[in-house]
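# Chain and residue survey
The lines below spell out each chain.
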Amino acid sequence: MKTKTASWEKAALVLIVIGAVLFTVFPFYWITNASFQDERVLYNINDIRWLPDLTYWHNYIDVFQKKAFLKYLVNSFFVASLSMLIALMVSSIAAYALARLKFPGSKVILYFVLGISMFPAMVIISPLYL
């Protein structure tokens, strides 16, 4: 049997969802807004602009003309693709060995890998920065 929720509960839920969406989307808006502003306007703390007065495209032109952005992008794509392919090959071979071959310690290794995969990556990486 379904119970009807009060309209104030639905309104509160909608407000919470709207707040969460704004909290999530606002940094993207702020970065995009800042990218269309001149540096002098951007660093003026006394005059915060929610919308730029005029669209300043020179920031994007400078990225492609003064910096080797496309070279950096291609290098990043190459490194990410190569590391993904190497990880895929190594993990496929290891998964096959753990699933099909019986050797001493295979269950321990399998449970260790399954246990580690239950934790988010940031939990495992964060002790490196302490």
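Along each chain, the written sequence defines residue order, and numbers are assigned to residues from 1. Per-residue local features of the predicted model are confined to residues with pLDDT of at least 70, and side-chain atom pairs are confined, for both listing and counting, to 80 or more; whole-chain, interface and lining totals are unaffected and use all residues. Water and hydrogen atoms play no part in the side-chain values, which are based on all heavy atoms of the structure.

### A few points about the overall build of the protein chain
Helix numbers and strand numbers start at the N terminus; a helix is a DSSP run of H or I with at least 4 residues, a strand a run of E with at least 2. The helix and strand tally for the protein chain stands at 6 helices and 0 strands. From first element to last, N terminus to C terminus, the protein chain shows the α and β order α-α-α-α-α-α. With the principal axes as the frame, the protein chain shows a C-alpha extent of 70 × 60 × 30 Å. Here the protein chain holds 130 residues, and 6% of them are scored as buried. Here Asp and Glu are counted as negative and Lys and Arg as positive; His is not counted, and neither are the chain ends. Every charge is mapped onto a representative atom, which is NZ of Lys, CZ of Arg, CG of Asp or CD of Glu. Taking the average place of the 11 positive charges on the side chains of the protein chain and the average place of its 6 negative ones, the gap between the two points comes to 24 Å. A 1.4 Å probe rolled over the protein chains alone gives each residue an accessible area, and that area as a share of the maximum for its type sets the label: buried under 20%, exposed over 50%, partly exposed in between.

### Focus: the side chain of Asp38
Structurally, Asp38 is set in the loop between helix H1 (7-35) and helix H2 (39-42). Reaching out from Asp38, the side chain makes a polar contact with the side chain of Arg40 at a distance of 2.5 Å. Here a polar contact means two N or O atoms within 3.5 Å. Within protein one must be a hydrogen donor candidate and the other an acceptor candidate, and residues neighboring in sequence count only if both atoms are side-chain atoms.

### A closer look at the pattern of salt bridges
A pairing counts as a salt bridge when a side-chain nitrogen of Lys or Arg comes within 4 Å of a carboxyl oxygen of Asp or Glu. Under the counting rule described, the total for this entry stands at 2 salt bridges. Of the charged contacts, one joins Arg40 and Asp38 as a salt bridge, the two residues approaching to 2.5 Å between their closest N and O atoms. Here Asp62 makes a salt bridge to Lys66, at a shortest N to O gap of 4.0 Å. Relative accessible area serves as the criterion here: at 28%, Asp62 is assigned to the partly exposed category.

### Some thoughts on the side chain of Asn33
You can see Asn33 is positioned in helix H1. Residue Asn33 is classed as buried on the basis of its relative accessible area of 5%. At 3.1 Å, the side chain of Asn33 and the backbone oxygen of Trp50 are in polar contact. In contact with Asn33, other than residues within four places in its own chain, are Arg49, Trp50, Leu51 and Pro52. Contact criterion: two residues are considered in contact whenever any of their non-hydrogen atoms come within 4.5 Å of each other.

### Some words on the packing of aromatic side chains
Centres within 6.5 Å are what make two rings of Phe, Tyr or Trp a pair, Trp counting through its six-membered ring; a difference in plane orientation under 30 degrees is then read as stacked, over 60 as edge-to-face, and the rest as tilted. Here the structure, examined in full by the defined rule, presents 8 aromatic pairs. Each ring, one from Phe26 and one from Trp30, has its centre 5.8 Å from the other, and the planes form 35°; the classification is tilted. A residue pair is termed a helical-turn pair when its members lie 3 or 4 positions apart in one helix, as Phe26 and Trp30 do in helix H1 at 4 residues. Taking the centre distance of 5.4 Å and the plane angle of 70° together, the rings of Trp30 and Trp50 count as edge-to-face. Highlighted residues: Trp30 in helix H1 and Trp50 in the loop between H2 and helix H3 (58-65), separated in sequence by 20 residues. By relative accessible area, Trp30 is classed as partly exposed at 33%. Among the aromatic side chains, those forming a connected cluster through ring pairs are Phe26, Tyr29, Trp30 and Trp50.

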